[in-house]
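Analysis of the macromolecular model
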Amino acid sequence: GDSVTQMEGPVTLSEEAFLTINCTYTATGYPSLFWYVQYPGEGLQLLLKATKADDKGSNKGFEATYRKETTSFHLEKGSVQVSDSAVYFCALRISNFGNEKLTFGTGTRLTIIP
Amino acid sequence: DTEVTQTPKHLVMGMTNKKSLKCEQHMGHRAMYWYKQKAKKPPELMFVYSYEKLSINESVPSRFSPECPNSSLLNLHLHALQPEDSALYLCASSQQTGYEQYFGPGTRLTDT
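This structure is a prediction, so every number in the text was calculated from the model and none was measured. (Residues numbered from 1 in each chain as written. Chains lettered and ligands numbered in written order. Predicted model: local features only at pLDDT ≥ 70, side-chain atom pairs only at ≥ 80, totals over all residues. Heavy atoms only, no water.)

Moving on: the packing of aromatic side chains. According to the stated counting rule, one finds ten aromatic pairs over all chains in the structure shown. Ring centres of Tyr 25 of chain A and Tyr 66 of chain A lie 6.1 Å apart, and the angle between their planes is 75°; this geometry places the pair in the edge-to-face category. Here the residue Tyr 25 of chain A occupies a position in strand S4 (residues 23-26), and Tyr 66 of chain A occupies one in the loop between strand S8 (62-65) and strand S9 (75-77), the gap between them amounting to 41 residues. Look at Tyr 66 of chain A and you get buried, because its relative accessible area is 4%. Ring centres of Phe 62 of chain A and Tyr 88 of chain A lie 5.7 Å apart, and the angle between their planes is 40°; on these two criteria the pair is classed as tilted. Taken together, the residues span a long stretch of sequence, with Phe 62 of chain A in strand S8 and Tyr 88 of chain A in strand S10 (residues 86-94) at a distance of 26 residues. Each member of the pair Phe 62 of chain A and Tyr 88 of chain A is classed as buried. The structure contains a cluster of three or more aromatic residues connected by ring pairs, namely Phe 34, Tyr 36, Phe 89 and Phe 104 of chain A together with Tyr 33, Tyr 35 and Phe 103 of chain B. (Phe/Tyr/Trp six-rings, centres within 6.5 Å; stacked < 30°, edge-to-face > 60°. Helix = DSSP H or I, 4+ residues; strand = E, 2+ residues; numbered from the N terminus. Buried < 20%, exposed > 50% of the residue type's maximum accessible area, 1.4 Å probe, protein only.)

What follows is the structure, given as structure tokens:
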């Protein structure tokens, strides 16, 4: 079945450090890929997405590139801030008619210290 | 208005054991979703409504009863709750199924 594997957390970084959160996937079809962020006590917010191979999603300084050859969608940010502390979920959706399920990874908790 | 709202924010199971969660969106979206999220886990899909009709039920126990009275509103009625039902219940909506999902802040259901 379809699945998403994220790097184990928690991840703790100093402010202005470089961030990478690894995400790889297994899918039977051609998935769309997403990164969602969940701040403490809140719901999920869509951070960025990519719908086909070699697409790059970007938002708020975060980037991720859809790599079909390595089945990966790693999240990166050049300089993190304390306000980036949250849980990050990688997710995929197979774009088959009638299959609208988002498959999430287990989430990676990120803490940024000043 | 690009918001999905959920009420109440918190709910305690309590003695009455019959609860209702409400979700509302005014973005003209025709697909709405219920997810359950346990602590430190990803959200798990429960139900999908498309054009006010139930299209997906992910084998959810019958004590959870969804309802979609109109295209803007989605309810989740709960009865005979079990301790394992304690979780954050998230509602989401999308333009149609297969489009980006926008999530609400959730209703946290806790055991007594």
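Still more ground to cover, so stick around.
What follows concerns the sheet that holds strand S3 (residues 19-21) of chain A. Residue and element names in this part refer to chain A. Here we have four strands laid out as an open sheet, ordered S3-S9-S8-S7, and antiparallel in their pairing. Strand pairing shows two members of the sheet lacking a second neighbour, S3 and strand S7 (56-59), which therefore form its edges. For this sheet, the mean inter-axis angle between neighbouring strands, taken without regard to orientation, is 15°. (Pairing = 2+ DSSP bridges. Axes fitted to C-alpha atoms, helices over the stretch in contact; angles between N-to-C directions.)

All names here are of chain B. The four strands lie next to each other as S1-S3-S8-S7, forming an open sheet whose pairing is antiparallel. Each having just a single partner strand, strand S1 (4-7) and strand S7 (64-70) make up the two edges of the open sheet. For this sheet, the mean angle separating the axes of adjacent strands, direction not counted, is 20°.

A side chain of one charge can pair with a side chain of the opposite charge when the charged atoms of the two come close. Scanning all chains against the criterion turns up eight salt bridges over all chains. Between Glu 100 of chain B and Lys 49 of chain A there is a salt bridge, with the nearest N and O atoms lying 2.3 Å from each other. With Glu 100 of chain B in the loop between strand S9 (87-94) and strand S10 (102-103) and Lys 49 of chain A in strand S6 (residues 44-50), the pair connects residues from two separate chains. The partly exposed category is assigned to Glu 100 of chain B, whose relative accessible area is 23%. Overall, the relative accessible area of 34% leaves Lys 49 of chain A in the partly exposed class. A salt bridge links Asp 55 of chain A to Lys 52 of chain A; the shortest N-O distance between them is 3.3 Å. Taking relative accessible area as the criterion, Lys 52 of chain A reaches 51% and is therefore assigned exposed. Members of the salt-bridge network, linked through shared partners, are Arg 63, Glu 84 and Asp 85 of chain B. (Salt bridge = Lys/Arg side-chain N within 4 Å of Asp/Glu carboxyl O.)

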